[in-house]
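These are the residues of each chain, in order.
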Amino acid sequence: MNKNYIKAVWMMAFLLLWSLPLLANKEEVRIELHLEPPHLDPTLTPAATVAEATYNNIYEGLTRINREGEVEPLLAQGWDVSADGLRYDFYLQPGVVFHNQQPFTAEVAAFSLRRLLDPEAGNPQHNLYSSIREINPRGRHRLELVLNRPDNLLLFRLGLSAAVMVEPNSAATNKEHPAGTGPYEFIAWKAGEALKLQAFPNYWHDQPEIRRASLTFTSNRIELEASLTDGEVDFYPDISPMASVKRLADRADYQINDGVTEGQTLLVFNHAHPALSDLQVRRAINHAVDKRRLLKIFPKASPTLIGSHFSPMHPAYVDLVDFYPYDPDKARKLLKEAGYARGLKLNFKVPPPLYAQQLSLYLMDDLEAVGIQVELQRISWTDWLQEVFQDKDYDLTIIAHVEPLDMDIYAREDYYFNFQNETFRKLWQQIETTQDEAARNQLFAQAQYHLAEQAAQVFLHIKPQQSIHKVGLKGFWQNAPIPAVVISELYWDK
Amino acid sequence: MRFLRYGLTTRVALLTLVLVLVLLAVISLALLSFGQYKKTLDEVAEHQVHALMSATRLVQQAEGMVNASAFLLLAENHFNRRQAVFEIEDRKEWMERLVDDLSNYRGKQVDFSRINQLNQSLFSNLNRINNLVKQRIDQRVDVYFQEGVALKDIQQLELINAEIGEMIRANHELSQDLTVTVGQQVSHIREGILSEVQGMHQDMATREVWLLYAGGLAFLVVLLIAFYINRSVVARVIQLQKALSLAHPKPRDIPVAGDDEIAWMAQSIHRYVDKINAHESHILEINAELSFLATHDALTKLYNRHYFDRKINEMSSEPTNDSFCAAMIDIDWFKSINDRYGHDVGDRVIIRLAEHLQAELPKSALLARVGGEEFAVIFQQIPLDETAALLEKLRIKLAEQPLEVEGLSIAVTASLGLAGYCKDGDLIACLKQADQALYQAKRRGRNQLVVRRVGKFKDE
């Protein structure tokens, strides 16, 4: 045994040890989600980033929305609906355990849904489920829901991240240490660091190919660009507003995927503001914004413009894009008529999403051009959720509403828009109780028109969903019908 | 419990355990080394490289900040100005975090208050530039788009421009200072990495020697175990096997020392060989007795009729040229001795006679008991006269001296027939002649010797 021999043995041992992580790389994925989530419980926040990080990764619902936006069975493997549409019988998947090893049963499902409906429990989407009157566990794996009225969207909504199943023992700690029934269990997350997930060995369904995932939240644009440039990211679902998207797209190791979302990008008015409660002011601002120029922020995408809060993919869509054509003179005139000839001062709270940051520059320009003094405040995502969404302390803000078919938010009294409109509320009630699709679509059209006519917001465009991914990473969603990054569907090309 | 204390299995198990322990120690050492190697690599990768990346990015951002301030400087309208400000704010936010990150570096550090101070100056200058540019944009609107431009306004614009220029130069200096300071930190980190790698190399060199020794030790233990097994098992088994392969294994050759399975087996074999040897000598004794009984008369221990006949036949089939005499001897009135004293006494009389015959007859004579009280003798190469004289002497001695048997004094006489000479080819005929001579002696009144001369002595 001479020294060279020993060195050779060492070398071989090291190569062996080192090749393991190399081999294992095919089982790992690094996902960038841009916005730091306030916590990890999607039932307690409207922040889409929580849904993106956890939906169908950590948590699962009775149903799921697939990549095409269709409803599929998940924890409910099937259901019966009574002829009058008022009774749903769900047959729950047996053998499902939560990450804390507690079993998933009809009682647990009932607990989750009661918690969802309880306004005190703090689910910001609880209004979506107001059709549910009774929740009755019938045996270990059968759950009956009795409705106030027929609800066509119930199965779809049960598949949203707001309605994921949680478990009584862990529900209170899901914010910090989430426990769901999903294919991935929580490993670690500290503020400012990556969220670490790993495949849950007792998952009730097939084990996913990706065994470990690391989700980073880099809200600083410069830093995000640097980490993309350095190749530290395997998948980033929303690169469209990034200036360097063209340069990255030209790189051999990255590919860009063009997709669409159901998300409406809005310049949001706080209708409680004295000036903004004035329809003329809102209309003035609508005329002041050059929606087409705003699309400059997307170097490689050209998303669809909108004129109301509705997805152009929906059959009931009405094109109201040019309801308020770009006309600064008219805007100035309307402002003057409204009594703001000497100027109007508004604050503008801008959250960290890249599109919001970029759009805010153009919007400020447009607003200043018609004599509105805008005080721009760039605030963190947590601050936005608190100050704007929770406390409604803002004049203007900008955000994309990515939940599909969420027009009901204009009917909510406590929503952060402070949009109190009886006509719309009545319309929405009608929509919810109307079963006939044609009639319903007719009502949807009316609702769209009403929102446009009321200049409820400045409806800008559909949020594009250009994702960037490493060459070889497959299985990601082309479009984003709901905010989700389903890691179990990802895989690396062999 | 004996098994546990001394058994070979226990000992072999203990030795194997020693070997396993040594091997485990070697493996543990190797694993420990791997662990340390991995730890150092992780440390270098996680901490040092992270710090190095932070430092490099900080330098990049400091330089990028100068570019950003150039954009700010060039901003012709508020849109461009705000765009530049956004970028500056983003860079600033990141730079602050990078500085935080870097200040957590566990190795040698530069003076971070200096970096913070440089950063603060840089940012406050940028703020100032932003305000100046904002003023300049507003001023320019006044200057270019309003009628009646006042000289004062133009001078103001020039002043603003001059101050912006000064700020930009100051920022350039600050950014250079920052770069140099952070560069020093980079060099600290590089030294840290180098020293960790160096330390790791030294550790590894020591570990290699340790592993070599440990490997050697393991080899030695294997040798020792092989030696022990050879000495305590194989050698003894071979010794045992050698001892047992002898034609007549002797118990003293079987090694029985020790207190283990082999010793126990050897002891068993020892006992077994002992027993076999005892059996064998017993069988040999029985064989000797059997072969004696086959050729001798049980009562007198003389040759029996069977042996005598066989001998005569052998002699007849391999004739020499020797001359023989044959004699037949019969006790007189033996039946009356039996009747008078009983068979036991009769038997004793026959034994005494046989002893008498053995004592008186030459050793070369072939003497056998051929009947109840009848004896036959073949004399080889002894002259007939000499033989007759011998027999006569014998007869007289017998007749003169009564036999002392069980306290009785019994007078016994014998009749004798002698024939000679005959060749060995016709010994049977000769015996017949001797027998006839015996009858003649009986007829003549017993206690006498009758001699029949039938041939010539060889030498005559």
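Description of the structure in this document. Computed from a prediction, not measured in an experiment: that's the story for all the values here.

Basis of the calculations
- Residues numbered from 1 in each chain as written.
- Chains lettered and ligands numbered in written order.
- Predicted model: local features only at pLDDT ≥ 70, side-chain atom pairs only at ≥ 80, totals over all residues.
- Heavy atoms only, no water.
- Helix = DSSP H or I, 4+ residues; strand = E, 2+ residues; numbered from the N terminus.
- Buried < 20%, exposed > 50% of the residue type's maximum accessible area, 1.4 Å probe, protein only.
- Contact = heavy atoms within 4.5 Å.
- Areas by Shrake-Rupley, 256 points an atom, 1.4 Å probe, with all protein chains shown as cover.
- Core = buried A, V, L, I, M, F, W, Y, C linked by side-chain atoms within 4.5 Å.
- Phe/Tyr/Trp six-rings, centres within 6.5 Å; stacked < 30°, edge-to-face > 60°.
- Lys NZ or Arg CZ within 6 Å of the ring centre and 35° of its normal.
- Pairing = 2+ DSSP bridges.
- Lys, Arg positive; Asp, Glu negative; His and termini not counted.
- Salt bridge = Lys/Arg side-chain N within 4 Å of Asp/Glu carboxyl O.
- Axes fitted to C-alpha atoms, helices over the stretch in contact; angles between N-to-C directions.
- Parallel < 35°, antiparallel > 145°, perpendicular 65-115°, else oblique.
- Left-handed = near helix turned anticlockwise from the far one by under 90°.
- Nonpolar A, V, L, I, M, F, W, Y, C, P; charged D, E, K, R; others polar.
- 1 Å grid on protein atoms, 1.4 Å probe; cavity = no way out; pocket = protein on both sides within 12 Å on 5 of 7 lines; lining within 4 Å.
- Points joined across faces, edges and corners; volume = space filled by probe spheres on them.
- Arc of directions from axis to C-beta.
- Buried area = accessible area lost by both parts, 1.4 Å probe.
- Polar contact = N/O pair within 3.5 Å; in protein donor to acceptor, adjacent residues only side chain to side chain.

Scanning chain B from N- to C-terminus turns up eleven helices and eight strands. For chain B, the proportion of its 460 residues judged to be buried stands at 40%. The long-range fraction of contacts in chain B, counting pairs at least 24 apart against all pairs at least 6 apart in sequence, stands at 74%. For chain B, the accessible surface area stands at approximately 25800 Å², while carbon and sulfur atoms represent 57% of it.

All names here are of chain A. By size, the foremost hydrophobic cluster in this structure holds 78 residues, and its most contacted members are I285, Y410, Y416 and F417. It is helix α10 (residues 354-369) that provides the largest number of residues to this core, a total of eight residues. Discounting chain neighbours no more than four positions away, the residues touching F417 are L266, V268, F269, N270, H271, Y394, H401, I409, Y410 and Q457. Within the second largest apolar cluster, 68 residues are counted, among which are L74, V108, L128 and A163.

The full count for this structure, using the stated rule, is 26 aromatic pairs over all chains. When the ring of A:F389 is compared with that of A:Y416, the centres are 5.1 Å apart and the planes differ by 45°; the resulting orientation is tilted. One end of the pair, A:F389, is in helix α11 (residues 381-390); the other, A:Y416, is in the loop between β15 (396-401) and α12 (422-433), and 27 residues separate them in sequence. What makes A:F389 buried here is its relative accessible area of 11%. Just above the ring of B:F86 sits the side chain of A:R378; from NZ or CZ to the centre is 4.0 Å.

Let us now look at the pairing of strand β9 (residues 195-199) of chain A. Residues and elements named next belong to chain A. Sheet analysis places strand β8 (residues 184-188) next to β9, joined by four bridges and oriented antiparallel. Bridge assignment links E185 to a residue of β9, and that residue is Q198. Where β8 hands over to β9, the hairpin turn is made up of six residues, of which G192 adopts a positive phi near 85°. Across four bridges, the pairing between β9 and strand β10 (residues 212-216) is antiparallel. Bridge pairing in β10 places Q198 opposite R212.

Here the focus is the side chain of B:R81. Assignment of secondary structure puts B:R81 in helix α3 (residues 78-103). There is no salt bridge for the buried B:R81, and the closest opposite charge comes from A:E368, which lies 6.1 Å off by N-O distance. Setting aside residues no more than four positions away along its own chain, B:R81 makes contact with B:L72, B:A75, B:N130, B:V133, B:K134 and B:I137.

All names here are of chain B. Closest axis-to-axis distance for the helix α2 (residues 8-74)/α3 pair is 9 Å, and the angle between their directions is 160°. The orientation of α2 with respect to α3, classified from their angle, is roughly antiparallel. For the element pair α2 and α3, the recorded crossing hand is left-handed. Of the residues assigned to the contact of α2 with α3, the class counts are 16 nonpolar, five polar and six charged.

This part takes up empty space enclosed by the protein. Residues and elements named next belong to chain A. Under the defined criterion, the tally for this structure stands at seven cavities of 30 Å³ or more. When its volume is computed, the largest cavity comes out at roughly 540 Å³. Along the wall of the largest cavity there are 39 residues; nearest its centre are A48, T49, Y355, A400 and V402. Contributions of two or more residues to the lining of the largest cavity are made by α2 (48-54), α11, β15 and β16 (458-470). Here the lining of the largest cavity takes four residues from α11, the largest share from any one element. Of the residues in the lining of the largest cavity, the class split is 27 nonpolar, six polar and six charged. Size it by volume and the second largest cavity reaches roughly 110 Å³. Lining the second largest cavity are 14 residues, and of these F235, P237, W477, A484 and V485 lie nearest its centre.

Turning next to helix α9 (residues 328-338) of chain A. Residue and element names in this part refer to chain A. Among the residues of α9, those classed as buried are A331, L334, L335 and A338. On an axial view of α9, the arc spanned by its buried residues comes to 100°, and they lie on one face. Residues of α9 that are exposed and point more than 90 degrees away from the buried face comprise D329 and K336. Of the surrounding secondary structure, the elements contacted by the buried residues of α9 are α7 (279-288), β13 (344-350) and β14 (372-378). Directly after α9, the chain includes G339, whose backbone phi takes a positive value near 100°.

Attention shifts here to the interface of chain A and chain B. A common way to express how large an interface is: the accessible area buried when the components associate. Taken together, the contact between chain A and chain B spans 26 residues of the former and 23 residues of the latter. Together chain A and chain B conceal approximately 2400 Å² of surface at their shared face, both sides included; 65% is due to carbon and sulfur atoms. Where chain A packs against chain B, one counts eight salt bridges. Across the pair B:R57 and A:E232 runs a salt bridge whose closest N-O atoms are separated by 3.7 Å. There are nine residue pairs in polar contact (both at pLDDT 80 or more) connecting chain A and chain B.

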